[in-house]
Amino acid sequence: DAGVIQSPRHEVTEMGQEVTLRCKPISGHNSLFWYRQTMMRGLELLIYFNNNVPIDDSGMPEDRFSAKMPNASFSTLKIQPSEPRDSAVYFCASSLLWQDLGTEAFFGQGTRLTVV
Amino acid sequence: QKEVEQNSGPLSVPEGAIASLNCTYSDRGSQSFFWYRQYSGKSPELIMFIYSNGDKEDGRFTAQLNKASQYVSLLIRDSQPSDSATYLCAVKRPNAGKSTFGDGTTLTVKP
């Protein structure tokens, strides 16, 4: 398996523009996570899906952020309009929720977003 | 108080020494515990997981869990410069899809 695939790897955009980040989870995994990482705040969970359904979006910072998972093999994170403070590395991760024990999360390579 | 606490470091050890990384958590219902390693500019990758009290060894790595004290640690024996990275502790409740991550401890192994 190729692992979790994210695109683009790097994105530079101007303030006010719409940004869409994409993720393909590992086949067979039923949980998908979007994280944001910055030096100041560390690794923050933005939202996670289980079986394509959003379970917890309490980490989504504002209404400017939205995430979708139309099917088991694809998810998007959209920022509209983007602001300089959104600059961060955004990771997508997937895992298999199995019985009572959580399994590890496999992370994609991340998208480094710079909003100027 | 953060749900998962780690010393931010940096922790510096000489090559060949034992590196000890510590993590405390506040949710007594946590059942799964993970250690991730993140090299600079890379994504986190799992190196150890532990579910039961006690020690779990995998090569040079040993994870230790004490649920009564709400404490999990990672020992790295015979530290190598290639072990220099940030180590993230993560905990998860039963049937929970998400893990809660600590802020990580940066380890530097000096040749």
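First things first, this report covers the structure right here in the doc.

Cut-offs applied
Residues numbered from 1 in each chain as written. Chains lettered and ligands numbered in written order. Predicted model: local features only at pLDDT ≥ 70, side-chain atom pairs only at ≥ 80, totals over all residues. Heavy atoms only, no water. Buried < 20%, exposed > 50% of the residue type's maximum accessible area, 1.4 Å probe, protein only. Helix = DSSP H or I, 4+ residues; strand = E, 2+ residues; numbered from the N terminus. Pairing = 2+ DSSP bridges. 1 Å grid on protein atoms, 1.4 Å probe; cavity = no way out; pocket = protein on both sides within 12 Å on 5 of 7 lines; lining within 4 Å. Points joined across faces, edges and corners; volume = space filled by probe spheres on them. Nonpolar A, V, L, I, M, F, W, Y, C, P; charged D, E, K, R; others polar. Core = buried A, V, L, I, M, F, W, Y, C linked by side-chain atoms within 4.5 Å. Contact = heavy atoms within 4.5 Å. Axes fitted to C-alpha atoms, helices over the stretch in contact; angles between N-to-C directions. Salt bridge = Lys/Arg side-chain N within 4 Å of Asp/Glu carboxyl O.

## Focus: the pairing of strand β9 (residues 85-92) of chain B
All names here are of chain B. Most of β9 is tucked away, with eight of its eight residues classed as buried. Of the strand pairs in this sheet, strand β4 (residues 32-38) and β9 are connected by seven bridges, and their pairing is antiparallel. Each residue of the ladder has a partner; that of arginine 37, found in β9, is tyrosine 87. Alignment of β9 against strand β11 (residues 105-110), held across three bridges, turns out to be antiparallel.

## Regarding the layout of surface pockets
In this structure, the largest pocket spans a volume of roughly 670 Å³. Around the largest pocket, the lining comprises 31 residues; the ones closest to its centre are Gln37, Thr38 and Met39 of chain A together with Gln38 and Gly41 of chain B. Of all elements in the fold, only β4 (31-38), β5 (42-50), β9 (88-95) and β13 (111-115) of chain A together with β9 and β11 of chain B reach the threshold of two or more residues within the lining of the largest pocket. Residue composition of the lining of the largest pocket, by class: nine nonpolar, 17 polar and five charged. Every residue lining the second largest pocket is counted, 24 residues in all, and those nearest its centre are Leu45 of chain A together with Glu3, Ser99, Thr100 and Phe101 of chain B. Breaking the lining of the second largest pocket down by element, the ones donating at least two residues are β5 of chain A together with β9 and β10 (100-101) of chain B. By residue number, the principal contributor to the lining of the second largest pocket is β5 of chain A, which donates four residues. Residues belonging to the lining of the second largest pocket are distributed by class as follows: eight nonpolar, six polar and 10 charged.

## Looking at the nonpolar core
Counting residues in each nonpolar core, the largest one holds 23 residues, and the members touching the most others are Trp35, Val72, Leu74, Ile76 and Tyr87 of chain B. Looking at this core, the elements with two or more residues in it are β3 (19-25), β4, β5 (45-50), β7 (61-66), β8 (71-76), β9 and β11 of chain B. For valine 72 of chain B, the residues in contact, after removing those within four places along its chain, are Leu21, Asn22, Cys23, Phe33, Trp35, Ile50, Gln64, Leu65 and Cys89 of chain B. One finds Cys23, Ile26, Phe65 and Ala67 of chain A within the second-largest nonpolar core, a separate group that totals 21 residues.

## Digging into the sheet that holds strand β1 (residues 5-7) of chain A
Residue and element names in this part refer to chain A. Read across the sheet, four strands follow the order β1-β3-β8-β7 without closing on themselves; strand pairing throughout is antiparallel. The sheet terminates laterally at β1 and β7 (65-71), the two strands that pair on one side only. Going from strand to strand, the sheet's axes swing by 15° on average, the running direction of each strand aside. Note that strand β3 (residues 19-24) and strand β8 (residues 74-79) share five bridges and pair antiparallel. Opposite threonine 20, over in β8, you have lysine 78 as the bridge partner.

## What to know about the pattern of salt bridges
Overall, the coordinates contain 14 salt bridges over all chains when judged by the stated rule. Between lysine 98 of chain B and aspartate 56 of chain A there is a salt bridge whose closest N-O contact spans 2.5 Å. Here lysine 98 of chain B, found in the loop between β9 and β10, pairs with aspartate 56 of chain A, found in strand β6 (residues 53-56), and the two come from separate chains. Residue classification places lysine 98 of chain B among the partly exposed positions, given a relative accessible area of 29%. Between arginine 64 of chain A and glutamate 62 of chain A there is a salt bridge, and its shortest N-O distance comes to 2.8 Å.

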